[in-house]
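# A closer look at the structure
Below are the chains, spelled out letter by letter.
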Amino acid sequence: MDNWPELVKFLRTIPSLASLCEDEMERLRPYLRQRTLEKGENVYHQGQGTDYLYFIRQGRIKVSQTANGRNVIVGFYGTSELLGCCGLVGDVCYPCCAQAIEKATVVFISREEFDRLLSNVPTVAAKLLSQMVRRLREAHCKMKSLALEPVEERVIAVLLELGEKFGDEQDGKVTLPAHITREQISEMAGTTIETTSRVITKLRQAGLVDCPNRCTILDSELLGNIVEKPGVRQM
């Protein structure tokens with residue numbers, strides 16, 4: 001692969017690979033591939049065989065799942081995050097679809113080769129397991145939220161999550177990327193665009209967000225209090 005030193009520098013930003021020594025990295029080198037995706041292009045499809053594990057080198061990827069004709073966004077992922085790790089714990093098909101929401105680059109390795117790496121370098125397995133447990137915990141919390149929490153809190157939680165992960169913070173205000181649409185927010189919150197728009201309108205009237213084009217969180221702390229202590233809602 002071209003420009004190996006730069007690729008190694010990137011791989012060391014991935015927690016599960018950061019501890020690999022130079023020899024271990026070099027053994028990994030022949031099995032790594034790189035792919036550039038245009039906006040809207042799929043990394044993999046729901047139901048496709050779990051042939052590869054992916055590391056996001058650049059750009060943002062949307063992971064979503066379709067069930068009973070309804071699309072739910074599982075999350076948005078960016079630089080140094082993993083995709084397709086479900087295949088390492090027994091799944092033979094990807095349960096979700098992964099799609100680039102902007103031009104992106106992924107580095108990938110076959111499932112078989114990565115299995116060998118896990119066997120030969122136990123520290124990689126331990127750190128990868130930690131990342132996967134965190135993903136599972138996030139998925140559990142999301143399912144709990146969709147089942148139990150009021151829609152206002154779910155929309156607020158999505159705004160805070162996106163702001164923390166991808167927002168541009170200036171002067172205490174956090175602006176979400178332009179490509180994040182109300183439709184995507186509603187799919188992450190498990191509700192309709194109309195309901196999401198009503199919630200955002202209430203938040204704007206309360207002086208907590210501003211959404212002329214891109215959504216800007218004006219008071220993250222107060223929004224966080226609403227989610228953690230729903231009794232203090234002031235909408």
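Refer to the preceding data block for the structure.
Here's what I pulled together on the structure shown here. What you see is a predicted model, and the numbers here were worked out from it, not measured in a lab.

## Examining the sheet that holds strand β9 (residues 168-170)
Backbone hydrogen bonds are what pair the strands of a sheet, in a parallel or an antiparallel way. The strand order across the open sheet formed by four strands is β9-β10-β12-β11, and the pairing between neighbours is antiparallel. Looking along the sheet, the strands with just one partner apiece sit at the ends: β9 and β11 (209-210). Note that β9 and strand β10 (residues 173-175) share three bridges and pair antiparallel. In the sheet register, D168 faces β10, and the bridge partner there is T175.

## Looking at the packing of aromatic side chains
Applying the stated criterion across every chain, the model contains six aromatic pairs. Taken together, a centroid distance of 5.6 Å and an interplanar angle of 40° make the contact between Y54 and F108 tilted. A residue pair is termed long-range when its members are at least 10 positions apart, and Y54 in strand β3 (residues 52-58) and F108 in strand β8 (residues 104-110) qualify at 54 residues. On the basis of an interplanar angle of 55° and a centroid distance of 6.2 Å, the ring pair of F55 and F114 is categorised as tilted. With a gap of 59 residues between them, F55 in strand β3 and F114 in helix α3 (residues 111-120) connect regions that are remote in the sequence. No difference in accessibility class separates F55 from F114, as the two residues are buried.

## Describing the environment of L208
Mapped onto the elements of the fold, L208 is located in the loop between α7 (193-205) and β11. The buried category is assigned to L208, whose relative accessible area is 4%. Separated by 15 residues in sequence, L208 and L223 have C-alpha atoms that sit 7.2 Å apart.

## Some thoughts on unusual backbone geometry
At S80, a residue that is not glycine, the phi angle is positive and equals roughly 75°. Residue placement: S80 occurs in the loop between β5 (70-77) and β6 (82-83). Although it is not a glycine, D171 adopts a positive phi angle of roughly 55°. Tracing the chain through its elements places D171 in the loop between β9 and β10.

## Let's talk about the side chain of T175
Note on placement: T175 falls in strand β10. Within polar-contact distance, the side chain of T175 engages the side chain of T216 at 3.0 Å. In this structure T175 touches G167, D168, R214, C215 and T216, once residues within four positions along its chain are discounted.

## Some remarks on the nonpolar core
Among soluble globular proteins, nonpolar side chains are generally buried collectively. Membership of the largest hydrophobic core comes to 27 residues, with the highest contact counts inside it found for F76, L159, L162, L203 and L223. Elements with a contribution of two residues or more to this core: β5, α5 (151-166), α6 (182-189), α7 and α8 (220-228). Counting residues in hydrophobic clusters, the runner-up holds 24 residues, among them L53, F55, L117 and V121.

## Some thoughts on the pairing of strand β4 (residues 61-67)
Pairing analysis gives seven bridges linking β4 to β5, with the strands arranged antiparallel. Following the sheet pairing, I61 is matched in β5 by Y77. The turn joining β4 and β5, which pair antiparallel and follow one another in sequence, is formed by two residues; a positive phi near 55° is taken by N68. Note that β4 and strand β7 (residues 97-100) share four bridges and pair antiparallel. Bridging from a neighbouring strand, S64 pairs with C97 of β7.

## Observations regarding the pattern of salt bridges
Counted under the stated rule, the structure contains six salt bridges. As a salt-bridge pair, E26 and R29 come within 3.5 Å of each other at their nearest N and O atoms. For E26, a relative accessible area of 39% corresponds to the partly exposed category. Residue class for R29 comes out partly exposed when judged on its relative accessible area of 27%. A salt bridge links E41 to R35; the shortest N-O distance between them is 3.3 Å. With a relative accessible area of 25%, R35 lands in the partly exposed category.

What counts and how
- Residues numbered from 1 in each chain as written.
- Predicted model: local features only at pLDDT ≥ 70, side-chain atom pairs only at ≥ 80, totals over all residues.
- Heavy atoms only, no water.
- Pairing = 2+ DSSP bridges.
- Helix = DSSP H or I, 4+ residues; strand = E, 2+ residues; numbered from the N terminus.
- Phe/Tyr/Trp six-rings, centres within 6.5 Å; stacked < 30°, edge-to-face > 60°.
- Buried < 20%, exposed > 50% of the residue type's maximum accessible area, 1.4 Å probe, protein only.
- Polar contact = N/O pair within 3.5 Å; in protein donor to acceptor, adjacent residues only side chain to side chain.
- Contact = heavy atoms within 4.5 Å.
- Core = buried A, V, L, I, M, F, W, Y, C linked by side-chain atoms within 4.5 Å.
- Salt bridge = Lys/Arg side-chain N within 4 Å of Asp/Glu carboxyl O.

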